[in-house]
Amino acid sequence: MRNSKITWSIVAGVALALIAGVGVAIAVSRRSSGPAAAPVTSSSAAPLVSITPSASPAPSPGADIKGPLDLVLIGVDTRVSIPDWEPHADTIMLLHVEADLKSAYLYSLPRDLRVDIPAYRKSGFGGGKHKITEAMSRGSRIPGSDKKSVEQGYELLTRALSAYTGIKTFQGGAILNFGGLDKLVDQLGGIDMKIDQKVKSRHRKPDGSMRTLSGGDYIGPQATYQPGVRRLVGWQAIDYARQRYGLPNGDYDRQRHQRQMVEAILAKALTQGLSDPTRLRPVIDALGTSLVYVGGRTPFEYAYALRDLTPDKITTVDLPGEGVGSGGGYLGEQLKDEGRGFIKAIAKGNHRQYLAGHPKLVDK
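Cut-offs and rules
- Residues numbered from 1 in each chain as written.
- Predicted model: local features only at pLDDT ≥ 70, side-chain atom pairs only at ≥ 80, totals over all residues.
- Heavy atoms only, no water.
- Buried < 20%, exposed > 50% of the residue type's maximum accessible area, 1.4 Å probe, protein only.
- Helix = DSSP H or I, 4+ residues; strand = E, 2+ residues; numbered from the N terminus.
- Pairing = 2+ DSSP bridges.
- Axes fitted to C-alpha atoms, helices over the stretch in contact; angles between N-to-C directions.
- Parallel < 35°, antiparallel > 145°, perpendicular 65-115°, else oblique.
- Contact = heavy atoms within 4.5 Å.
- Nonpolar A, V, L, I, M, F, W, Y, C, P; charged D, E, K, R; others polar.
- 1 Å grid on protein atoms, 1.4 Å probe; cavity = no way out; pocket = protein on both sides within 12 Å on 5 of 7 lines; lining within 4 Å.
- Points joined across faces, edges and corners; volume = space filled by probe spheres on them.
- Expected span 1.5 Å × (residues − 1).
- Core = buried A, V, L, I, M, F, W, Y, C linked by side-chain atoms within 4.5 Å.
- Salt bridge = Lys/Arg side-chain N within 4 Å of Asp/Glu carboxyl O.

Enquirer: Honestly, the pairing of strand β4 (residues 104–109) in this entry has me stumped. Any pointers?
Expert: In terms of burial, β4 is a largely internal element, six of the six residues being buried. Burial along β4 is two-sided: the residues Ala-104, Leu-106 and Ser-108 and Tyr-105, Tyr-107 and Leu-109 are all buried. Bridge count for strand β3 (residues 89–97) against β4 is six bridges, and the pairing is antiparallel. The residue of β4 that forms the bridge with Ile-92 is Leu-109. Between the antiparallel neighbours β3 and β4 lie six residues, among them Leu-101 with a positive phi of about 60 degrees. In this structure, β4 lies alongside strand β15 (residues 314–317), joined through four bridges in parallel fashion.

This is how it looks when you write it as structure tokens:
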């Protein structure tokens, strides 16, 4: 999109997987003028979805794509690498691209957002109110089998997203696990991130090795990320963006850091001269089996269509929320009125006016 946000590169998770992906998936090319790339598949545990070579004629596959577009980036938990593990949408990012395909809005939904998930016959799910992260897992089930279908999970998740947001159609989506994102960042030579608050890692030591798990928690020295512009290598970028424990606003702070990482990846990718297919291929290969692309056109077509979408033209939006419970027990999250208002405005097409009246929602 110019990377369409390689964003989709993470998302998550960022997540995401899931999204978004970023033009999807790092189809990071300012201009994809060569033939369609070889298929990219999901995790090695089971080939879930593949990208079919585009039938669009050269030299400009994707030139016929029109806006506006609504794209989904889903980050799944790392256990997706375990055969037949039910995928959970650990990170959900939505990218709304304007009709001119030159500007966009990136926002996140809490993984624990309580929503009405519709019934889904393919998996035998009867519907109900649950955390939105569960839509993927409940949709992925195949009755009478231990196998799981990520494509089904994506379908139910997007149906739940449509029901909640009012956005009728999502033109494409990407699902990512964090396994390949560190390799991607290293392939780019690291990324420069503006750390906006002190963050201590729950999982990593200062040298990047894993902390010791003892009694249900980690112990030992912690990697610490200090405020300021920092050059982060792959493991540091992913580690920073996944932290939520110990932060004042928990998962909401994590969502913001993930969006910042997405923008940092995009910004760095645009300095790499990726219009040259010989330089683009290693970047895409770095994602390896960590990327699953579902729905819509191929990443390379979106990459061409969104070639003028630069980081400075992407507005990141912070949607405030709060916990909900019953009888003293935690049930999940809900967006506050301001956040719900933005979602409704996106669906109706008056989001620019809405943000003008609610400027605090725009990430600084």
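There's more to say after this.
Enquirer: Quick question: what am I supposed to make of the packing of helix α5 (residues 234–242) against helix α6 (residues 251–269) here?
Expert: Closest axis-to-axis distance for the α5/α6 pair is 7 Å, and the angle between their directions is 150 degrees. Overall, the two elements α5 and α6 adopt an arrangement that is roughly antiparallel. On α6, the residues touching Ala-237, Ile-238, Tyr-240, Ala-241 and Arg-242 of α5 are Arg-254, His-257, Gln-258, Gln-260 and Met-261. In the contact of α5 with α6, the residues fall into five nonpolar, three polar and two charged.

Enquirer: What should I look at first to understand the layout of surface pockets in this one?
Expert: Empty pockets left among the atoms are what a rolling probe the size of a water molecule brings to light. A volume near 350 Å³ is recorded for the second largest pocket. The set of elements that each furnish at least two residues to the lining of the second largest pocket consists of β8 (191–195) and α6. The element best represented in the lining of the second largest pocket is α6, accounting for six residues. Looking at the lining of the second largest pocket residue by residue, the classes come out as four nonpolar, two polar and eight charged.

Enquirer: When you look at helix α3 (residues 150–165) in this model, what are you seeing that I'm missing?
Expert: Structurally, the α-helix is built with 3.6 residues per turn, so residues lying three or four positions apart point the same way. The terminal C-alpha atoms of α3, which comprises 16 residues, lie 22 Å apart, in line with the 22 Å expected from a rise of 1.5 Å per residue. The element α3 is extensively covered by neighbouring structure, given that twelve of its 16 residues are classed as buried. Of the residues making up α3, those classed as buried are Val-150, Gln-152, Gly-153, Tyr-154, Leu-156, Leu-157, Thr-158, Ala-160, Leu-161, Ser-162, Tyr-164 and Thr-165. Backbone geometry just downstream of α3 places Gly-166 in the positive-phi region, at approximately 85 degrees.

Enquirer: What am I meant to see in the environment of Gln-334 here?
Expert: Turning to its location among the elements, Gln-334 is positioned in strand β17 (residues 329–335). Of the residues examined, Gln-334 reaches a relative accessible area of 34% and is grouped as partly exposed. Separated by ten residues in sequence, Gln-334 and Val-324 have C-alpha atoms that sit 6.7 Å apart. Dropping the residues within four chain positions of it, Gln-334 is found in contact with Leu-113, Tyr-252, Gly-321, Glu-322 and Val-324.

Enquirer: So what exactly am I meant to see when it comes to the nonpolar core here?
Expert: Nonpolar side chains in soluble globular proteins tend to be buried together. If you look at the biggest cluster of nonpolar residues, it comprises 37 residues, and the most contacted ones within it are Ile-74, Tyr-107, Leu-157, Leu-161 and Phe-342. Of all the elements in the fold, those that place two or more residues in this core are β2 (69–76), β3, β4, β5 (114–117), α2 (134–140), α3, α9 (337–348) and α10 (351–357). Sort the elements by how many residues they give to this core and α3 lands first, with seven residues. In contact with Phe-342, other than residues within four places in its own chain, are Tyr-107, Val-317, Leu-319, His-351, Tyr-354, Leu-355 and Leu-361. Judged by nonpolar contacts, the second largest core, of 20 residues, contains Leu-188, Ala-237, Met-261 and Ala-269.

Enquirer: What is the right way to read the pattern of salt bridges from this model?
Expert: Opposite charge on two side chains permits them to pair, given that their charged atoms come into close proximity. For the structure on display, the rule yields 16 salt bridges. In this structure, Arg-259 and Asp-318 form a salt bridge, with 3.5 Å as the shortest nitrogen-oxygen distance. Taken as a pair, Arg-259 in helix α6 and Asp-318 in the loop between β15 and β16 (321–326) lie far apart in primary sequence, 59 residues in all. On the accessibility criterion, Arg-259 (1% relative accessible area) is buried. Taken together, the shared-partner salt bridges connect Asp-90, Arg-111, Asp-112, Asp-251 and Arg-254 into one network.

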